[in-house]
Each structure stands twice: as C-alpha cells, then as structure tokens.
Amino acid sequence: MASDKRSEKLKRLTAVQRHMEKMAEVELADTTRARSEVTQAMDNVLEAMTSMEPVHQMFSKHYSDRYGRLVVKDRQLTGAQQLQENKVLREKTKADRLEEKMLGARDLEDREADDNAIYDLLEIISVTSTPASSKVGNS
C-alpha cells in the first residue's frame, strides 16, 4: 500500500531512535548532576577535614571515611558517565543513519512517482493521438 512506503517506515523508526537518543541524554544528565553533587560533597568534607575548629577535629576519622566513600562513588559515576556518553553517541549515530536512509528512500519514491506520472502522460498522449491519426490515415 502507499501508506506503508519504505520512507514512512524509516520515518517512524527514526522517530523512535531519536526518542532513544533523548532518553540516553537524560540518563547522562542525571549522572552528570549526581557526579556534581558528589564533587560538592567531597569539597565540603575536605573543607571540614582541614578546618581548625575543635568540633571538626573530633570527627576527622568520620570525615576521612566519608571522603573515601565519596571518592569510590565518584569513580563509579565517572565510569557510568563515560558509558552513557558512548551510548548517546551510538544512539545519535543510529538515528542519523536512519534519517539518511529515510531521505534516500523518499527521494527514490519521489523519483518513481515522477517517472510513473511521465509514463501515464505519455500513455495518455499516445492513446489520444492514435485514434486521431488512424482516422486521418483511413480517410
């Protein structure tokens, strides 16, 4: 059917792929935000560890443990962020390729429609001119 043209199918696939790309970007943004929060917490703990106030000095062991956990979490988030950056790139590349294929398919369909219109026009011309010429020749 005309409604199930290849370009239409590719257009729907491209839309789905763009949605997947956006989802990957949202995941990356969440990880980046979480990493920023961890970095801020690390800065706060480091500031408390280096403080000369007696209250902070009493909790230096606690701060040290907390800082160690934050470093581990930052490393995990860094790894996750790198994986998600790669995923965003892959999803974008897939969507771009699908879009290129869709545009190519649309061009082919347009070209085929133009060719068919020309063939139809030639057929109409030949049908309408054939009886007139045969009448002229038979007289």
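Since we're looking at a predicted model, the values are computed, not measured.

### Brief notes about the pattern of salt bridges
- If you walk through the whole model with that rule in mind, you get nine salt bridges.
- For K92, the salt bridge is made with D96, and the minimal N-O distance between the two is 3.2 Å. Taken together, the positions of K92 and D96, both in helix α3 (residues 60–138) and four residues apart, correspond to about one turn of that helix.
- Residue classification places K92 among the partly exposed residues on the basis of a relative accessible area of 36%.
- D96 sits in the partly exposed class, given a relative accessible area of 25%.
- In the salt-bridge network here, residues are joined through shared partners; they are R18, E21, K92, D96 and E99.

### With respect to a nonpolar patch on the surface
- On the surface, I118, Y119, L121, L122 and I125 cluster together into a nonpolar patch covering about 530 Å² of accessible area.
- Checked against the element boundaries, L121 lands in helix α3.

### Observations concerning the environment of S36
- Turning to its location among the elements, S36 is positioned in helix α1 (residues 6–49).
- As a C-alpha pair, S36 and R106 span 70 residues in sequence and 45 Å in three-dimensional space.

### Regarding the nonpolar core
- In terms of nonpolar packing, the biggest core is built from nine residues, these being A34, V38, A41, M42, V45, A48, Y63, L70 and L77.
- Contributions of two or more residues to this core are made by α1 and α3.
- Among the elements that line this core, the one with the most residues is α1, at six residues.

### Considering the environment of Q76
- With respect to the helices, strands and loops of the structure, Q76 is situated in helix α3.
- When its relative accessible area of 54% is taken as the criterion, Q76 is described as exposed.

### Details of the environment of E25
- Relative to the helices and strands, E25 resides in helix α1.
- For E25, a relative accessible area of 32% puts it in the partly exposed group.
- As for E25 and E91, which are separated by 66 residues in sequence, their C-alpha atoms are 9.6 Å apart.

### Comments concerning the side chain of Q17
- Relative to the assigned elements, Q17 resides in helix α1.
- Separated by 2.3 Å, the side chains of Q17 and E91 make a polar contact.
- Each residue touching Q17, except ones within four places of it in the same chain, is listed here: E91, K94, A95 and L98.

### Things to note about the confidence of the model for the chain
- Taken residue by residue, the chain gives an average pLDDT of 89. The fraction at 70 or more is 91%.
- Ranking the elements of the chain by mean pLDDT puts helix α2 (residues 54–58) last with 79 and α1 first with 96.

Procedures and definitions
Residues numbered from 1 in each chain as written. Predicted model: local features only at pLDDT ≥ 70, side-chain atom pairs only at ≥ 80, totals over all residues. Heavy atoms only, no water. Salt bridge = Lys/Arg side-chain N within 4 Å of Asp/Glu carboxyl O. Helix = DSSP H or I, 4+ residues; strand = E, 2+ residues; numbered from the N terminus. Buried < 20%, exposed > 50% of the residue type's maximum accessible area, 1.4 Å probe, protein only. Patch = residues over 30% accessible without salt bridge, like charges linked within 9 Å, V, L, I, M, F, W, Y side chains within 5 Å. Areas by Shrake-Rupley, 256 points an atom, 1.4 Å probe, with all protein chains shown as cover. Core = buried A, V, L, I, M, F, W, Y, C linked by side-chain atoms within 4.5 Å. Polar contact = N/O pair within 3.5 Å; in protein donor to acceptor, adjacent residues only side chain to side chain. Contact = heavy atoms within 4.5 Å. pLDDT = per-residue confidence, 0-100.

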